[in-house]
Each structure stands twice: as C-alpha cells, then as structure tokens.
Amino acid sequence: MARTAIVTGGSRGIGASICRLLGAAGWNVVVNYAGRADAAQAVAREIEASGGQALVMQADVARKVDVDRLFAACDEAFGGLDALVNNAGVIGRRGRFEDLDDAVMAQVLAINVLGCMLCAHAAIPRLSTRHGGRGGAIVNISSGNALSGGPGESVLYSVSKGAVNSLTIGLSQELAGEGIRVNTVSPGLTDTDMPGADKIASIGPTIPIGRVAHPDEIAEGVIWLLSDKASYVAGANLRIGGGRP
Ligand code: NAP
C-alpha cells in the first residue's frame, strides 16, 4: 500500500522538490500551499505524471482551523498518514533587528514556529502507536541560520529556526518509543524564490562547494529521513550546506 505524506509549502522551492521526489518514490502526497494554487497544481500534475497520487490543499499553517482542515482532507483522500514534512516558511523582512516591527515578528514566528507545532500536533495522534497509529516520520525544515544567528540581516528568522531545532530535539525523544522518528534538515543557501537572485549570485561562490544548492539536493535528504533506510535515525539534524557549518 502506498504511504502518505503531507508536505507544507509544497507548491514552490524545496517543498515542491520534496513533493516531486516523494511522488516518484510512490508516495501519496498532500501538496499544501498558502496562496499559489497554480504552482501547487503544477506540482500535483508532475506527481501524477510520474505515477503517484496528489491532493492539493490550501491552508495557512499558522491557523489551527486551516491545519485541522488540511489533515482532515488527507484522512478523507488517503485514509491515513505516514509522514509530515514541516517545510513552509518565510524569511520576513531582511535588515537589522531593531528595525523590525512587531507585526513582522509575529508573522514569522506564527508561520515558522507555530505552523510546525500545529502540524506536528495534528500529525502525532494519527501516527503514534500509542493512539493506534502505525508509526511514521516527521521532518522539520530548519536552516543553518539557527546556529549562525543571522546578524544584521535575519536574526528573527534565525530565532524561528532555533525553535524548530528545539522542537525536533524534544519531540524526537518524546515520540521515538511510539514509532515516530522526528528529524531536522538544515539546508544551506538554496536556489528558490526565498533568497532571491541577487543573494544566490553573490553568495554562491563563497560557499566551500562553490555554489548554492539545487532544491532537489535538499529534498534527497528529506526523502532518506522519511524512508525505512533511516529506520534508526531520530533526533538528527542533517546539515546540507555545501561545506558551510
Ligand atoms: P519558497 O520558495 O519561498 O517557498 C515557500 C513555500 O512555503 C511556498 O510553497 C509557500 O506557498 C509556502 N508557504 C508560505 N507561507 C505559508 C503558510 N502560511 N502556510 C502554508 N504554506 C506557506 O521557500 P524555500 O526556499 O523553498 O524554503 C522552504 C523551507 O526551507 C523554509 O522553511 C525555509 O526557511 C527553509 N530554508 C530555505 C533556504 C533557502 O536558501 N531557500 C535555506 C535554509 C532553509 P505559496 O507558494 O502558496 O506562497
């Protein structure tokens, strides 16, 4: 029987790559998006063209009612859940911390932190053997910024990713005995809409490997962590940073 994954922010960038690779590996994929229905539907068509099954679902991960609707739609379409990828994220406004206003602070924390927590909260009763589930895996997408801190540019984003790391550290130990492996992937700079073309061009050559990542190179790590090949991996933080710490 095909396994089922929910990928938040599956319409573009790293999330879209994760959805495509899962589809090609035979998973049923719930492609979540916030506003770009066109992009999500294009990803779903690619999954279906490769022989997989896809469900496209709009939901703002920062809103509990939306998250409940997202998971209920997955239950109805596929009759169960095996994996969650907490990938949806935003960078907020770049700049010095003192120039940020409280609205942007609340927005970044709501999407990047509360969003992961609400989705994990919805996934656990569906996955946990303690609740009659068949076990599964959760991958939280963090960033190397959680450790660098992003001075002068993205302290808020870095704080949010530090919280994502802590979520994995805690939940991995809380849930490993219930059949749920929780892990983090920490991408380096990746060629998506998030960093933008200027950053990709200027920073790429300064990375030890000499370039930014292609989204598929991040997605491959996620697919491995979700697979049975990673059956003893829990609480890991897989850095995919081209040699950058
Ligand atoms: P991206 O290209 O900007 O795509 C962001 C995705 O998140 C889109 O699918 C977007 O949906 C979705 N999204 C945004 N807000 C949402 C919300 N409130 N609810 C549901 N979905 C929402 O970003 P990316 O570069 O692929 O980043 C993916 C993850 O990797 C993020 O967690 C990011 O922090 C992390 N990361 C990225 C990099 C990098 O260099 N790109 C490096 C380290 C870590 P719509 O298409 O509908 O807008």
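Predicted model, so just to flag it, every value in this text is computed and none were measured.

A. Quick look at the pairing of strand 5 (residues 136-141). The buried count for strand 5 comes to 6 of 6 residues, which makes it a mostly enclosed element. Burial of the side chains of strand 5 extends over both faces: G136, I138 and N140 are buried on one face and A137, V139 and I141 on the other. Two elements, strand 4 (residues 83-86) and strand 5, share 4 bridges in a ladder whose sense is parallel. Its bridge partner lying in strand 5, V85 is registered against V139. Read as a crossover between parallel neighbours, the route from strand 4 over helix 4 (residues 102-127) to strand 5 is right-handed. As paired strands, strand 5 and strand 6 (residues 180-187) are joined by 6 bridges and run parallel to one another. The residue bridging V139 from the neighbouring strand is N183, located in strand 6.

B. Expanded view of the site of the ligand. Near the ligand, the surroundings consist of 32 residues, among which S11, G35, N87, Y157 and T192 are the closest. Separating an oxygen atom of the ligand from a backbone N or O atom of R36 is a distance of 2.8 Å. Interatomic distance of 2.7 Å between a backbone N/O atom of N87 and an oxygen atom of the ligand. Relative to its free-state accessible area of 920 Å², the ligand is covered by the protein chains to the extent of 93%. Elements supplying a minimum of two residues to the shell around the ligand: helix 1 (13-24), strand 2 (28-33) and helix 6 (155-175). Classifying every residue of the shell around the ligand gives 14 nonpolar, 13 polar and 5 charged.

C. Focus on the pairing of strand 3 (residues 53-58). Here strand 2 pairs with strand 3 via 6 bridges, running parallel. Note on strand 3: the bridge partner recorded for N28 is Q53. Viewed along the sheet, the connection from strand 2 through helix 2 (residues 37-49) into strand 3 turns out right-handed.

Rules and cut-offs
- Residues numbered from 1 in each chain as written.
- Predicted model: local features only at pLDDT ≥ 70, side-chain atom pairs only at ≥ 80, totals over all residues.
- Heavy atoms only, no water.
- Buried < 20%, exposed > 50% of the residue type's maximum accessible area, 1.4 Å probe, protein only.
- Helix = DSSP H or I, 4+ residues; strand = E, 2+ residues; numbered from the N terminus.
- Pairing = 2+ DSSP bridges.
- Right-handed = clockwise from strand over helix to strand, strands pointing away.
- Near = heavy atom within 4 Å.
- Polar contact = N/O pair within 3.5 Å; in protein donor to acceptor, adjacent residues only side chain to side chain.
- Areas by Shrake-Rupley, 256 points an atom, 1.4 Å probe, with all protein chains shown as cover.
- Nonpolar A, V, L, I, M, F, W, Y, C, P; charged D, E, K, R; others polar.

Purely geometric stuff here, so don't read any function into it on its own.
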